Amino acid sequence: MPDLENNPSTDTVQNLKYGPDGLIPAIVQEDGTGEVLMMAYMNEESLRMTLEKGFTHFWSRSRKKFWMKGESSGHVQEVKRILYDCDRDTLLIRVIQKGPGACHTGHRSCFFTGIEGKEVGKATFSVDDAYRGQPILERLVDIIRERLKTRPEGSYVSSLMERGREAILKKVGEEATEVVLAGAQGDRQAMIRETADLWFHTLVALVDQGIALEEVYDELRSRRPGKKEE
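Residues numbered from 1 in each chain as written. Predicted model: local features only at pLDDT ≥ 70, side-chain atom pairs only at ≥ 80, totals over all residues. Heavy atoms only, no water.

**Structural notes on the overall build of the protein chain**
When you go through the protein chain residue by residue, the secondary structure sums to eight helices and six strands. Taking all 230 residues of the protein chain together, 36% fall into the buried category. Counted over contacts in the protein chain with a minimum sequence separation of 6, partners at least 24 positions apart contribute 49%. Split by element, the accessible area of the protein chain, about 13,700 Å² in all, is 52% carbon and sulfur. (Helix = DSSP H or I, 4+ residues; strand = E, 2+ residues; numbered from the N terminus. Buried < 20%, exposed > 50% of the residue type's maximum accessible area, 1.4 Å probe, protein only. Contact = heavy atoms within 4.5 Å. Areas by Shrake-Rupley, 256 points an atom, 1.4 Å probe, with all protein chains shown as cover.)

**A look at the pattern of salt bridges**
Taken as a whole, this structure holds 12 salt bridges when the rule is applied. Between E215 and K64 there is a salt bridge; the shortest N-O distance is 3.9 Å. Separated by 151 residues along the polypeptide, E215 in helix α8 (residues 213–222) and K64 in the loop between β3 (57–60) and β4 (65–68) bring together distant segments of the chain. When its relative accessible area of 45% is taken as the criterion, K64 is described as partly exposed. A salt bridge links E219 to R223; the nearest nitrogen and oxygen atoms lie 3.0 Å apart. On the basis of relative accessibility, which here comes to 60%, the residue R223 falls in the exposed class. Within this structure, E30, E35 and R108 form a network of salt bridges that share partners. (Salt bridge = Lys/Arg side-chain N within 4 Å of Asp/Glu carboxyl O.)

**Some details on the side chain of E175**
Topologically, E175 is positioned in helix α6 (residues 165–185). Looking at E175, the relative accessible area reads 8%, which means it is buried.

**Looking at the pairing of β4**
Sheet topology places β3 next to β4; four bridges connect them, and they run antiparallel. Residue W59 lies in a different strand from β4, and its bridge partner there is F66. (Pairing = 2+ DSSP bridges.)

**Brief notes about helix α4 (residues 136–150)**
The end-to-end C-alpha distance of α4 is 21 Å, a good match for the 21 Å that 15 residues give at a rise of 1.5 Å each. Remark: R151 follows α4 within two positions and exhibits a positive phi of approximately 45°. (Expected span 1.5 Å × (residues − 1).)

**Structural notes on the sheet that holds strand β2 (residues 36–42)**
Taking strand neighbours across the sheet as the criterion, the four strands line up as β2-β1-β6-β5 in an open arrangement whose pairing is mixed. Single-partner strands in this sheet number two, and they are β2 and β5 (77–84). On average, adjacent strands in this sheet sit at an angle of 25° to one another, irrespective of strand direction. Where β5 meets strand β6 (residues 91–97), seven bridges bridge the pair, whose relative direction is antiparallel. Across the sheet, the residue bridging to Q77 is Q97, located in β6. Against the sheet, helix α2 (residues 44–53) touches β2, β5 and β6, its axis set at about 125° to β5. (Axes fitted to C-alpha atoms, helices over the stretch in contact; angles between N-to-C directions.)

**Comments concerning the packing of aromatic side chains**
According to the stated counting rule, one finds two aromatic pairs in the structure shown. Ring centres of F58 and W67 lie 5.1 Å apart, and the angle between their planes is 40°; this geometry places the pair in the tilted category. By relative accessible area, which is 0% here, F58 ends up buried. Taking relative accessible area as the criterion, W67 reaches 22% and is therefore assigned partly exposed. (Phe/Tyr/Trp six-rings, centres within 6.5 Å; stacked < 30°, edge-to-face > 60°.)

**Remarks on the pairing of β2**
Summarising the sheet, strand β1 (residues 24–30) and β2 pair through six bridges and their orientation is antiparallel. Bridging across to β2, A26 finds its partner in A40. Connecting the antiparallel pair β1 and β2 is a turn made up of five residues, with G34 showing a positive phi of about 85°.

**Thoughts on the confidence of the model for the protein chain**
Model confidence for the protein chain is summarised by a mean pLDDT of 85, while 88% of its residues fall at 70 or above. Contacts for the low-pLDDT stretch residues 1–6, under 50 throughout, to residues beyond four places or in other chains number 16 contacts. (pLDDT = per-residue confidence, 0-100.)

**With respect to the state of the cysteines**
Per the counting criterion, the structure on display carries zero disulfides. Summary of cysteine pairing: C103 is not part of a disulfide, and the nearest cysteine sulfur, belonging to C110, is at 3.8 Å. (Disulfide = S-S within 2.5 Å.)

**Focus on the nonpolar core**
Core analysis: the largest hydrophobic core is formed by 19 residues, its most contacted members being M42, L47, F58, I82, L91 and I93. Listed by contribution, the elements that provide at least two residues to this core are β1, β2, α2, β5 and β6. The greatest single-element share of this core, amounting to four residues, is contributed by β2. With residues near it in sequence (within four places) discarded, L91 still touches L16, I24, P25, A26, I27, M42, L47, I82, L83 and Y84. (Core = buried A, V, L, I, M, F, W, Y, C linked by side-chain atoms within 4.5 Å.)

Rendered as structure tokens:
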């Protein structure tokens, strides 16, 4: 459990200034060194979960669900203290970062790129190790979002997105055709490869249009076998 001295009380949690979407930005800082590790968003419920469990929990705006930092990688953040600023609209969370880093790119901190676009720090751990056990589709979406945000030189996703939505959707159509052809030919390996290509480009299209995987999952759940038609 975090040290509750200077932490929000129950009343304070309720009376913080959340945005119109019910969210409040939370800056995460290494307790011992003061290094800023990341910034994410909380709502009232995820803040209460953080206080109750003693580890950071956030609200994902893209996936529209709660998530515990390090749940997949094991790189959890043990909360030592939570403070809020003078306007009561931003949180500062001091933690002990477990594992080698906080960023899904392999860096210790999410803040590793200078304003001129050059990296000021090197990755400290394997991204594969960090995301071992995370569902592959969710992991791919995270990578696609990162490519969209940073636009690294030589990235296929970056180049595709720079060509615009029409180019992305064209690739989805091309890959769908390849799946049909592979299936018609009875080519099992080609079917696997082309399906992987189709799924990947569909994920790019979803990210481009701001659609979270959870929204697609919800649609699939609504079609579950045996569900009575309305």
